[in-house]
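Coordinate analysis (summary)
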Amino acid sequence: MKTVLMVAEKPSLAQSIAKILSRGTMSSHKGLNGACSVHEYTGTFAGQPVRFKMTSVCGHVMTLDFIAVKGECSECRRACPQRSLSSCPCVTDNSSDNGVTKLGCVAKHVDPTLYLQLAGKYNKWDKVDPAELFSQAPTEKKEANPKLNMVKFLQVEGRGCDYIVLWLDCDKEGENICFEVLDAVLPVMNKAHGSEKTVFRARFSSITDTDICNAMSRLGEPDHNEALSVDARQELDLRIGRGFQTKYFQGKYGDLDSSLISFGPCQTPTLGFCVERHDKIQSFKPETYWVLQAKVNADKDRSLLLDWDRVRVFDREIAQMFLNLTKSEKEAQVRLPRRAFFGVGTGLGDLCLEEQLVPKVEAASRKEKAKQRPLALNTVEMLRVASSALGMGPQHAMQTAERLYTQGGPTTHTQGYISYPRTETTHYPENFDLKASLRQQANHPHWADTVKRLLAEGINRPRKGHDAGDHPPITPMRSATEAELGGDAWRLYEYITRHFIATVSYDCKYLQSSISFRIGPELFSCSGKTVISPGFTEIMPWQSVPLEESLPTCQRGDTFAVGEVKMLEKQTSPPDYLTEAELITLMEKHGIGTDASIPVHINNVCQRNYVTVESGRRLRPTNLGIVLVHGYYKIDAELVLPTIRSAVEKQLSLIAQGKADYRQVLGHTLDIFKRKFHYFVSSIAGMDELMEVSFSPLAATGKPLSRCGKCHRFMKYIQAKPSRLHCSHCDETYTLPQNGTIKLYKELRCPLDDFELVLWSSGSRGKSYPLCPYCFNHPPFRDMKKGMGCNECTHPSCQHSLSMLGIGQCVECESGVLVLDPTSGPKWKVACNKCNVVARCFDDAHRVRVSASTCSTCEAALLDVDFNKAKSPLPGDETQHTGCVFCDPVFQELVELKHAASCHPMHRGGPGRRQGRGRGRGRRPPGKPNPRRPKDKMSALAAYFV
């Protein structure tokens, strides 16, 4: 029996699709990477019985990057101890003409000679000319997440299979992932017989029984052109983004709150829109203007406020003239009828005085109008509404929509709540079953009455929108309640459902009335609306016609009593900062990004501290963002204007359509940006001038904290990200751990370089450790890396090092060591120096020390604990005890394992999954040496010290 391998983009989709196609008869088991499951069942394919294996990836399998750092093999990810790739076990024993060893594991991606010469050069930005990144620097495809071992997993599952069906998302990114999967699987599949077709592509828009079964019956082929367009975008973004990023300003200005200044072909124009609005606000000068306002009495109980047809004037004297003319002409207009019809001295003067205040109706009209129902929903409109009406950021809204698409019901797990959320189309195809989608909502407690009435009376065909040829508009695929979804997921689902129902509803009809009055020579008017039929606004009440007071019935020549005519003084107001919804509209209009990437670009400018999100989801540029855009404008305005990126997007679309050559587009675009980069570098002094005005020099920033080990003067602690220490006398800057607090550590000094130690802490519930600023940036031992604190230092005799405070291997991660936190008393803590595991122990103990002895059971270091006499857990009056924190029965009850709490996302996670108490938790894996200090301290120092 032949085997068909089927691959979806996410594990939840694989489960849903397999359950639909197998009709619930599948068997499931976890794959070797632990993240993806494999669902198996039997059926027929191409008219023959087969065994189906349904699995998935987790997004992109591969990512593009410059060649791996020197000393690391791109295939086995193993660092070579001699810092040379020639010793890697993946290297073949073949030599090239120039005597450089070739690499068997990377020969298929890049010339191995060039690999050895350039490996790692392009991952160290301070040691390479950035101009080389635009053309000369070789790139390679790496696993997007090496920990998942996705390539190996796909090869294991694909080995011996005869056919492959690709169920990746039906967009350009999905097509690209198709070929990533094929690159991994095709070499291990059974060879095809003759011209037999073995690769198939399933195209679907929703996780419904009908759509999935139809996709299975109409299999096609993956689109190589669309995949190439994604490859081109990835390489352009990598080379241009890395080429332009610079730390040039970071070493000069202390309050520059960003680790580097970056440029992105989409990110920078996005920021440019925000700064452009900021500039308009700053340059705005309010002007005073005047308006005339009249009020007429419709009857005894109500009056009508009239608007001046001239709207406003910007000269007070002219406004006063119109006001005087209005009053004087009213008097003249009334006198003429008195002389013509009544004569002089008729005794009708009182009547004339009253008629002086009577305006005349010039025109009155009533028209029936309609407010059109909305077009079908696409991604951009959903993001706009999510931001403006629901208060959800674009990235969060997109992630929520994707969960609604992939998430099934509480029992069936087969069908998502909405159709595919990434689409540019606003037009339903003719064969789309609108009634079936509407019937799903017929019993919903919120809109059942509206839906039943539509089904009974007949639905209205949706308006004709734009057909982009990708996916149908976003549509609800099953009914859901607030209790079922909750929070933001429910609010977004409710909007999508209401929008869909509105598209098949009728237009809102209303009666618009308007009356035009003449008061002297000036015309005034008022208008009102009366709803005839609410139509779609019944389901979308926020779109309803605003309630207005109905106007009285009148006709030309009718008169009303004037209540008052007055002149008002007002001022023009500046525009407000861009909202996310307005920014999305501008990005769509100018072709910046795609429906899938727009949220990412907006999120990037926020995360990089170029803009801040204020109330109402308004985007206010930071000082850095403003200076950055002004600097780009000063040097090369095209780097900020949307025109150049819009042109690139059009070229990428031509690649996807097969109308442009991938290599030509890539080469031409990179050549343009390389020239711009050279000009940018030669003119960077212009941006530096702007930086000098806005930011403080490094030496003038920060506050004194610790002493330098070279000059013994105080170094200044600069808190702005990235936090660092700067010695103005030595002109040296030392980076520090981020996302925590830094303070002086008891004025203690490092025994190697005489720098004063500082203490980093992630908070009272997190972990903390001391570090030497110099060792943190210049590792003193061969087995240490840059960015390691004292809790990872292998100095054999320093009282703060791993050798003196290390206890035993971490209970969760393989490479970490549990280290005593000497600053945590009286609530003592033991923390892993690699992951975020923290163990609280020995509350209120006077003193805790790491003993030189080790546990005979697990070989962890023993702890000497001196307990408080009043709270000692020991029998009798004993207060001192020595034992293993993992094996000693006294200590076991005093240890509570948790995960460190921190403001940084990598430290979040709540309570630990393993409340590690009891025997065996501290044991090292078999064959792995205990990471404790060696017995002979001086010999170890001689061996490790560099």
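The name given to the protein in an unreviewed UniProt entry is DNA topoisomerase, with the source organism recorded as Tupaia chinensis. Quoted verbatim from the Sequence similarities (unreviewed entry) field of UniProt, the annotation for the protein is "Belongs to the type IA topoisomerase family."

In this section: the pairing of strand β13 (residues 522-533). Bridge analysis of strand β10 (residues 303-308) against β13 gives two bridges, and the strand direction is antiparallel. Note on β13: the bridge partner recorded for aspartate 307 is serine 525. Bridge analysis of strand β12 (residues 508-519) against β13 gives 11 bridges, and the strand direction is antiparallel. Each bridged residue has a counterpart across the sheet, and for serine 516 the counterpart in β13 is serine 525.

Attention now moves to the environment of threonine 326. Looking at the secondary structure, you find threonine 326 in helix α8 (residues 316-341). Residue threonine 326 is classed as buried on the basis of its relative accessible area, which comes to 0%. When the C-alpha positions of threonine 326 and arginine 518 are compared, they lie 9.3 Å apart, and in sequence the two are 192 residues distant.

Moving on, we get to the sheet that holds β10. The six strands are arranged β11-β12-β13-β10-β9-β14 in an open sheet whose pairing can be described as antiparallel. A strand with exactly one partner marks an edge of an open sheet, and here the two such strands are β11 (360-371) and β14 (561-571). Direction aside, neighbouring strands of the sheet carry axes that sit 30° apart on average. The sheet contact formed by β11 and β12 spans 11 bridges and is antiparallel. Across the sheet, the residue bridging to glutamate 368 is leucine 511, located in β12.

Attention shifts here to the sheet that holds strand β19 (residues 724-727). Ordered in space as β17-β18-β19-β20, the four strands form an open sheet in which the pairing is antiparallel. Only two strands of the sheet have a single neighbouring strand rather than two, namely β17 (703-707) and β20 (732-735). For this sheet the average axis-to-axis angle between neighbouring strands, irrespective of direction, equals 35°. As judged from the three bridges shared by strand β18 (residues 714-718) and β19, these two strands associate in the antiparallel manner. By the bridge assignment for β19, tyrosine 717 is matched with leucine 725.

As for its position among the elements, aspartate 753 is in the loop between β21 (741-749) and β22 (756-761). A polar atom in the side chain of aspartate 753 sits 3.0 Å from the backbone nitrogen of phenylalanine 755.

Attention now moves to the pairing of strand β1 (residues 2-8). Most of β1 is tucked away: six of the seven residues are buried. Where β1 and strand β4 (residues 48-56) come together, seven bridges link them in parallel fashion. Bridge pairing links lysine 2 to valine 50 in β4. Here β1 runs beside strand β7 (residues 163-167); their pairing, made up of five bridges, is parallel. Its bridge partner lying in β7, methionine 6 is registered against valine 165.

Turning our eyes to something else, we now look at the pattern of salt bridges. Pairs may arise between side chains of opposite charge once their charged atoms sit close together. Counted according to the given criterion, the structure contains 33 salt bridges. Across the salt bridge formed by lysine 53 and glutamate 157, the nearest N and O atoms sit 3.1 Å from each other. With lysine 53 in strand β4 and glutamate 157 in helix α3 (residues 150-158), this pair connects stretches of sequence that are 104 residues apart. A relative accessible area of 8% means that lysine 53 is categorised as buried. Classification of glutamate 157 by relative accessible area gives buried; the value is 9%. Through salt bridges with shared partners, one network takes in Arg233, Asp237, Arg645 and Glu649.

What follows covers the packing of helix α11 (residues 394-406) against helix α17 (residues 598-607). Contact geometry for α11 and α17: axes closest at 8 Å, N-to-C directions at 140°. Comparing their axes, α17 and α11 come out oblique. Remark: the crossing between α11 and α17 carries left-handed chirality. On α17, the residues touching Pro394, Gln395 and Met398 of α11 are Pro599, Val600, Ile602 and Asn603. In terms of residue class, the contact of α11 with α17 is made up of five nonpolar, two polar and no charged.

About the thresholds
- Residues numbered from 1 in each chain as written.
- Predicted model: local features only at pLDDT ≥ 70, side-chain atom pairs only at ≥ 80, totals over all residues.
- Heavy atoms only, no water.
- UniProt positions renumbered as here; feature names shortened; annotations may be inferred.
- Pairing = 2+ DSSP bridges.
- Helix = DSSP H or I, 4+ residues; strand = E, 2+ residues; numbered from the N terminus.
- Buried < 20%, exposed > 50% of the residue type's maximum accessible area, 1.4 Å probe, protein only.
- Axes fitted to C-alpha atoms, helices over the stretch in contact; angles between N-to-C directions.
- Polar contact = N/O pair within 3.5 Å; in protein donor to acceptor, adjacent residues only side chain to side chain.
- Salt bridge = Lys/Arg side-chain N within 4 Å of Asp/Glu carboxyl O.
- Parallel < 35°, antiparallel > 145°, perpendicular 65-115°, else oblique.
- Left-handed = near helix turned anticlockwise from the far one by under 90°.
- Contact = heavy atoms within 4.5 Å.
- Nonpolar A, V, L, I, M, F, W, Y, C, P; charged D, E, K, R; others polar.

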